Structures are given as C-alpha cells and as structure tokens.
Amino acid sequence: MVQEMLGGTRITYLGHATFRLTTPGGENILIDPFLTDNPQIPEELKQVGDLDTILVTHGHFDHFADAIPVARQTGATVVANFEISSYVQSQGIENSMPLNKGGTARVGGVKVTGTNAFHASSIQTEDGSTIYGGEPMGFVVEFESGFKVYHAGDTAVFGDMRLIGELYGPDLALLPIGDRVVMSPFEAAHAARLLGVRHVVPMHYGTFPFLPGTPEEFERHARELGLELEIHVMKPGEELGS
C-alpha cells in the first residue's frame, strides 16, 4: 500500500524536521537541513552526498543551519522565501530560487508549491546577530508519479489547511507534534482532519526538552477524532515503507 502510494519516491527521515526525498528519476531533495548539530541524526547520515535541491521552510537554526554549507558543497539549488533566498545569495550561493506562499515552481522533475504556516522566522548571522527571515512556509511537493507530500514546516493548526487539502490533495503529511513552539499532538490531529490525508509522519518532537509532544499522544487524539490514519512513526535514518 505505502510503496504503491509513493510511486517510486523514497523518503528518508533524518531527525527533527529534516527529510531527504529521492524522486523516481533519481533527483535528491533535502528539506530543512539541520545536520551538524542535530542530536537525533546518525553520524553517518550527516554527509548528504549528491544533492539537487534544498527546500527551506524558515530561517530558524534547526531548519536552516546547514543550508549554506551543504549548498556550497553540493551546488544544490536553495528554494526558500524571498528574504532567505536573498540572504543565501549574499553569502555566495548563486543557485537560489525565491518562492513565496501560493506560488508554484518546477524544480528539476518536481513541482514545489509554497503554503502558509503560522510561526516566526529569523536568521542568525555569523556574528551572532539576528535578522528578519521573511514569513515561514510549508511545501507541497508533487513528484513525477503524481504522489504529493506536504511538509507543514513549523506551524500551528489553521483552518485553511482544509484549503491545502482541497487544492493540492497531498497523499502524505509531515506534521510537527512537539508542542510549545509548534503544534501540539492535539492540534496536529486536527490538522490531519482538515487536510483529509490518510498518511502522516510526525516530526519535530523530542529533539530538545521544550518539545515534549509524542507520537502516542498524536495517535490517541487521532483515534478520538475517529480519523482513519496510518501514522508512520519513523526513527532517524529510516526510509518510509522499508
């Protein structure tokens, strides 16, 4: 069932909110690269190897910290909001594509759409100062097979998640459940209901003490809502469907 849904796409969880997507055509996409100081990621996965695209939902360190070093190392195109795109260009990254909410761009063999997210966004510069990082986003990525994955980024639940479901029909949602600074498991269950998805991977929990939400809580709230969900609890380094 899962392999049929994926249509040849491979999804590897690297911990926190970081995912590696490999398209049926062999392209490699990294979402929210938090590698070097990510306490969840296995050491052997901190080197990304070949990479075509980096998607950045917002500028906080636990989503953006390795974007520029990895882009320098691999030559991958950085896709982010206008402010982050401009910042990475100022740091010498030529391959940067601005994308804002509601916009869709073809990046290699996939289509990427920027969606709304309710959070904050800032960039910590090398001298320790903080600059504005534009508005946070989520992404809907559509692959060659028609499979669609929604990475919500860091967000609270919001009513227009129903509209994301209606417009883009994601097959799989990657939803934060950590609480305190992102959706709680309770809110994430309602997000899944609004999106109308059947498959969810919980993310952005347990990395730090201020992210106490758990997959068990998420599963409980989903059951209480009567949702028919397949909840895929992935360990860092695991591939969906393997």
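Here, the structure is the one placed above.
Let me sum up the structure you'll find in this document. (Residues numbered from 1 in each chain as written. Predicted model: local features only at pLDDT ≥ 70, side-chain atom pairs only at ≥ 80, totals over all residues. Heavy atoms only, no water.)

## Description of the sheet that holds strand β8 (residues 110–115)
Strand order in the open sheet made by the seven strands is β7-β8-β11-β12-β13-β14-β15, with mixed pairing throughout. On the outer flanks of this sheet lie β7 (104–107) and β15 (230–231), each paired with one strand and no other. Across three bridges, strand β12 (residues 148–151) lies against strand β13 (residues 172–176) in parallel orientation. Looking at β13, one finds that His151 is bridged to Leu174. Docked against the sheet, helix α5 (residues 161–168) engages β8, β11 (138–142) and β12, running at close to 160° with respect to β12. (Pairing = 2+ DSSP bridges. Helix = DSSP H or I, 4+ residues; strand = E, 2+ residues; numbered from the N terminus. Contact = heavy atoms within 4.5 Å. Axes fitted to C-alpha atoms, helices over the stretch in contact; angles between N-to-C directions.)

## Focus on helix α4 (residues 82–90)
For α4, the set of buried residues is Ile84, Ser85, Tyr87 and Val88. Buried residues of α4, viewed axially, fall in a sector of 160°; they line one side. Elements in contact with the buried residues of α4: α2 (61–64), α3 (67–74), β5 (77–80), β6 (96–98), β9 (122–124) and β10 (130–132). Looking at where α4 begins, the residue whose side-chain oxygen comes 3.2 Å from the main-chain nitrogen of Glu83 is Asn81. (Buried < 20%, exposed > 50% of the residue type's maximum accessible area, 1.4 Å probe, protein only. Arc of directions from axis to C-beta. Polar contact = N/O pair within 3.5 Å; in protein donor to acceptor, adjacent residues only side chain to side chain.)

## Points about the pattern of salt bridges
Inspection of every chain in the model, using the stated rule, returns six salt bridges. In this structure, Glu239 and Arg10 form a salt bridge, with 3.3 Å as the shortest nitrogen-oxygen distance. Of this pair, Glu239 sits in the segment after β15 while Arg10 sits in strand β1 (residues 10–13), placing them 229 residues apart in sequence. By relative accessible area, which is 42% here, Arg10 ends up partly exposed. In this structure, the salt-bridge partner of Glu224 is Arg220, at a minimum N-O distance of 3.4 Å. Of this pair, Glu224 and Arg220 both sit in helix α7 (residues 215–224), four residues apart, roughly one helical turn. (Salt bridge = Lys/Arg side-chain N within 4 Å of Asp/Glu carboxyl O.)

## Remarks on the layout of surface pockets
Considered as a void within the structure, the largest pocket measures approximately 310 Å³ in volume. In terms of lining, the largest pocket is formed by 16 residues, of which the most central are Phe64, Ala65, Ile123, Gln124 and Thr125. When contributions to the lining of the largest pocket are tallied by element, the ones reaching two or more residues are α2, α3 and β9. Taken together, the residues of the lining of the largest pocket sort by class into seven nonpolar, seven polar and two charged. (1 Å grid on protein atoms, 1.4 Å probe; cavity = no way out; pocket = protein on both sides within 12 Å on 5 of 7 lines; lining within 4 Å. Points joined across faces, edges and corners; volume = space filled by probe spheres on them. Nonpolar A, V, L, I, M, F, W, Y, C, P; charged D, E, K, R; others polar.)

## A few points about the packing of α5 against helix α6 (residues 185–195)
Across the interface, α5 lies against α6 with an axial gap of 7 Å and an inter-helix angle of 35°. For α5 against α6, the interelement crossing comes out right-handed. Here α5 contributes Met161, Arg162, Ile164 and Gly165 to the contact with α6, which in turn contributes Ala191, Arg193, Leu194 and Leu195. Considering only residue class, the contact of α5 with α6 consists of five nonpolar, one polar and two charged. (Left-handed = near helix turned anticlockwise from the far one by under 90°.)

## Remarks on the packing of aromatic side chains
Under the definition given, this model contains eight aromatic pairs. Ring centres 5.8 Å apart and planes at 90° place the aromatic pair Phe34 and Phe61 in the edge-to-face group. Here Phe34, found in the loop between β3 (28–31) and β4 (53–55), pairs with Phe61, found in helix α2; they are 27 residues apart in sequence, far enough to count as distant. On the basis of relative accessible area, Phe61 is assigned to the partly exposed category, the value being 47%. (Phe/Tyr/Trp six-rings, centres within 6.5 Å; stacked < 30°, edge-to-face > 60°.)

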